[in-house]
Amino acid sequence: MQKKVRSALISVFYKDGLEPLVKLLSEQGVAIYSTGGTQQFIEKLGLECIPVESVTDYPSILGGRVKTLHPKIFGGILGRRAVQQDINEMKEYEIPEIDMVVVDLYPFEETLAQTNEEKLIIEKIDIGGPSMIRAAAKNFSDLLVVASKSDYEVAIKILSEQSGETSLEQRKNFAAKAFEIVAHYDFAISNYFNGTNGNEFIYASANPHVMRYGENPHQTGIFYGNLKELFNQLNGKELSYNNLVDVDAAMHLINEFQGEKDVTFAIIKHTNVCGISTRSSTAQAWKDALAGDPESAFGGVLVCNNAIDITTAQLINEIFFEVLIAPSFNEDALEVLKSKKNRILLQQTQPLQAKLQFKSTLNGVLTQEYDNGNFSTWEVVGGRNCTAAEKEDLIFANKVCKHLKSNAIALVKNKQLIGKGCGQTSRIDSLRQSIEKAKQFDFDLAGAVLASDAFFPFDDCVKMSHAENIGAFIQPGGSIRDKDSIEYCKENNLAMVITGMRHFRH
């Protein structure tokens, strides 16, 4: 059902972005009610504004704590236009109908991040704002509620294109977001009083974003978070659900190589690493990452820990990919990469610092710390010490193996992934897959090293690897039959390192 906006209550903390919306409402003949700083802002624009105090016959009191908490305000918001009793009572008590509520919330979390002074923090707990937002969202059949400045542009577009009218579906969508915003706000306050940091369960956000669809077109999808805290999007379409999942995998992978002097380039497909290398130049790192599996790279997510230069951009431009993430892009490189309008280019502005993972399971949620670290011990147990080059490759391979689905095997040579097996139900099958991949792209396995995300339950993996001239292994250990693999390595002069740190990934 279409509803015409004839009156609006506007009371916001943040005024940026508000001017175009207020001017549009004024042009459309909407009666604007406001109070305090928002009223002053509107009046300075030379626009008419009805003070809330003239409706309630009460001034702002208690240092501004009580301004809009009044039956005439909440009656105007909650009054049901289709219920005759509500209409009669609104007339009897001279309650004005309010068709639109534009309200945001005091910056509680921002204040919390800036000070430990409890008095200041408590004063930033909004009371009237959440109450008005909830009331307006509850009565979405009659009202439009805009609870975030990020939605001003959407509201302006709707009101402009529809001559000041909104549909029931549009109002319901705004109401859904409003409830999410209030839920997040209350959750942050609860965390403060309970002495927690808010990472225990992140479900609601100040910026829930409804996606075109979820993992598949028949599934709905919502992202709760603020990507602008991590990236500047320099080009391309909106990130999809699947893009975000792969971007998350890419970010966690590249975190393993932050701060290193050489350049690491990686390619992610369905959250698995399908190509990665570390080299002295960005262009060479890209070439060798792509060489690891040029077939799987098609449509992948690319990530690098170094600036993208023109040479690299020209090479990358030759293939189709969804997303490229880097800390910076040279101007001439950007010009090349922007040649495809849908190609998503993300400039990473800060490292990913997430501490906990969440997974919906059965009728609840699992949470755990992220799998940080590479190895807890470096125990040489094979028939010889590994060479310096092998040690570098083993450390590299173990990092990569962490980011493959279990059961996982990574084959590495000269800091380049040359074969991988992942997501198999037996470790030996993952090894077969990794060897097959390496041979498919003509890699020489002699001198390569192998990383396994978990222990070898039998000695079959080291035997099969040895037959391909793979000479060094890294694995967490922990099997009751560790000695079988260890003894084989000793008998055949193979290097093996036990780390004491398993890296399952499901």
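Residues numbered from 1 in each chain as written. Predicted model: local features only at pLDDT ≥ 70, side-chain atom pairs only at ≥ 80, totals over all residues. Heavy atoms only, no water.

**Student:** Please provide a residue-by-residue account of the overall build of the chain, values included.
**Tutor:** Along the backbone of the chain there are 18 helices and 23 strands. Principal axes of the C-alpha set define a box for the chain whose edges measure 95 × 50 × 40 Å. Out of the 506 residues belonging to the chain, those deemed buried represent 50%. A fraction of 58% describes how many contacts in the chain between residues 6 or more apart in sequence connect residues 24 or more apart. Accessible area of the chain: about 24600 Å², with a carbon and sulfur share of 50%. Averaging the positions of the 52 positive and the 64 negative side-chain charges in the chain gives two centres separated by 2 Å. (Helix = DSSP H or I, 4+ residues; strand = E, 2+ residues; numbered from the N terminus. Buried < 20%, exposed > 50% of the residue type's maximum accessible area, 1.4 Å probe, protein only. Contact = heavy atoms within 4.5 Å. Areas by Shrake-Rupley, 256 points an atom, 1.4 Å probe, with all protein chains shown as cover. Lys, Arg positive; Asp, Glu negative; His and termini not counted. Charge placed at Lys NZ, Arg CZ, Asp CG, Glu CD.)

**Student:** Explain empty space enclosed by the protein residue by residue, including any values.
**Tutor:** Rolled over the atoms, a probe as big as a water molecule pinpoints where empty space is left. Within the structure shown, the criterion is met by one cavity of 30 Å³ or more. Forming the walls of the largest cavity are M211, R212, Y213, E238, L239, S240 and Y241. Residue classes in the lining of the largest cavity are distributed as four nonpolar, one polar and two charged. (1 Å grid on protein atoms, 1.4 Å probe; cavity = no way out; pocket = protein on both sides within 12 Å on 5 of 7 lines; lining within 4 Å. Points joined across faces, edges and corners; volume = space filled by probe spheres on them. Nonpolar A, V, L, I, M, F, W, Y, C, P; charged D, E, K, R; others polar.)

**Student:** Help me get a handle on the sheet that holds strand β5 (residues 100–103), residues and values and all.
**Tutor:** Pairing is parallel in the open sheet, where five strands are placed in the order β4-β3-β2-β5-β6. The open sheet has two edge strands, β4 (50–51) and β6 (144–146), and neither has a second partner. One ladder, built from three bridges, connects β5 with β6; its direction is parallel. Its bridge partner being in β6, V101 is matched across the sheet by V145. On top of the sheet, helix α8 (residues 128–138) reaches β2 (7–11), β5 and β6; it is set at about 150° to β5, its chief contact. (Pairing = 2+ DSSP bridges. Axes fitted to C-alpha atoms, helices over the stretch in contact; angles between N-to-C directions.)

**Student:** An account of the pairing of β5 is requested, with residue identities and associated values reported.
**Tutor:** Burial along β5 is two-sided: M100 and V102 facing one way and V101 and V103 facing the other are all buried. Pairing geometry for β2 and β5, over four bridges, is parallel. For I10, the partnering residue across the bridge sits in β5 and is V102.

**Student:** Please give an account of the nonpolar core that cites residues and values.
**Tutor:** Counting residues in each nonpolar core, the largest one holds 41 residues, and the members touching the most others are V247, V273, I276, V323, I325 and L346. Top element by residues in this core is helix α11 (residues 241–255). It accounts for seven residues. What V247 contacts, discounting residues up to four positions off in sequence, is F231, L239, V301, V323, I325 and L346. V103, L105, A136 and A178 belong to the second-largest nonpolar core, a separate cluster that totals 30 residues. (Core = buried A, V, L, I, M, F, W, Y, C linked by side-chain atoms within 4.5 Å.)

**Student:** I'd like a description of the side chain of S430, backed by residues and values.
**Tutor:** With respect to the helices and strands, S430 occurs in helix α16 (residues 427–440). For S430, a relative accessible area of 0% gives the class buried. A polar side-chain atom of S430 sits 2.6 Å from the main-chain carbonyl oxygen of N407. Among all residues touching S430, those that are not within four sequence positions of it are N407, A408, I409, G421, C422 and Q424. (Polar contact = N/O pair within 3.5 Å; in protein donor to acceptor, adjacent residues only side chain to side chain.)

**Student:** Explain the packing of aromatic side chains to me, and be specific about the residues and the numbers.
**Tutor:** All chains considered together, the criterion is met by ten aromatic pairs. With a centroid separation of 5.3 Å and 80° between ring planes, the pair formed by Y192 and F193 is classed as edge-to-face. Looking at F193, the relative accessible area reads 53%, which means it is exposed. Where F298 meets F320, the ring centres are 5.1 Å apart and the plane angle is 50°; that geometry is what we call tilted. With F298 in the loop between α12 (282–291) and β13 (300–304) and F320 in the loop between α13 (310–316) and β14 (321–326), the pair connects residues that are 22 residues apart, well separated along the chain. Take F320: its relative accessible area is 40%, and that puts it in the partly exposed class. Ring pairs connect the aromatic residues F108, Y185, Y192 and F193, which therefore count as one cluster. The ring of Y14 carries K149 above its face, with NZ or CZ at 4.4 Å from the centroid. The ring of W378 has K391 sitting right over it, with the charged end atom 5.2 Å from the ring centre. (Phe/Tyr/Trp six-rings, centres within 6.5 Å; stacked < 30°, edge-to-face > 60°. Lys NZ or Arg CZ within 6 Å of the ring centre and 35° of its normal.)

**Student:** Could you give me a rundown of α12, with the residues and numbers involved?
**Tutor:** α12 sits mainly inside the fold: seven of its ten residues count as buried. Every buried residue of α12 is listed here: T282, A283, A285, W286, D288, A289 and L290.

**Student:** Could you give an account of the sheet that holds strand β15 (residues 344–348), naming the residues involved and the relevant values?
**Tutor:** Pairing within the open sheet is mixed, and its six strands lie in the order β10-β15-β14-β13-β11-β12. Across the chains shown, the open sheet's two edge strands, defined by having one partner strand only, are β10 (231–235) and β12 (272–279). On average, adjacent strands in this sheet sit at an angle of 20° to one another, irrespective of strand direction. Taken together, the four bridges between strand β11 (residues 263–269) and β13 define a ladder with antiparallel strand orientation. Of the residues in β13, the one forming a bridge with F265 is C304. Along the sheet face, α11 touches β10, β11, β12, β13, β14 and β15 and points at about 150° away from the line of β11.

**Student:** Break down the packing of α16 against helix α17 (residues 460–467) for me, citing the residues and quoting the values.
**Tutor:** Between α16 and α17, whose axes approach to 9 Å, the crossing angle comes to 15°. Our classification of the angle between α16 and α17 gives roughly parallel. Helix-helix and strand crossings are classified by hand; for α16 and α17 the assignment is right-handed. Side by side, α16 and α17 meet where R427, I428, L431, R432 and I435 of the first sit next to D460, C461, M464 and S465 of the second. Its residues assigned to classes, the contact of α16 with α17 comprises five nonpolar, one polar and three charged. (Parallel < 35°, antiparallel > 145°, perpendicular 65-115°, else oblique. Left-handed = near helix turned anticlockwise from the far one by under 90°.)

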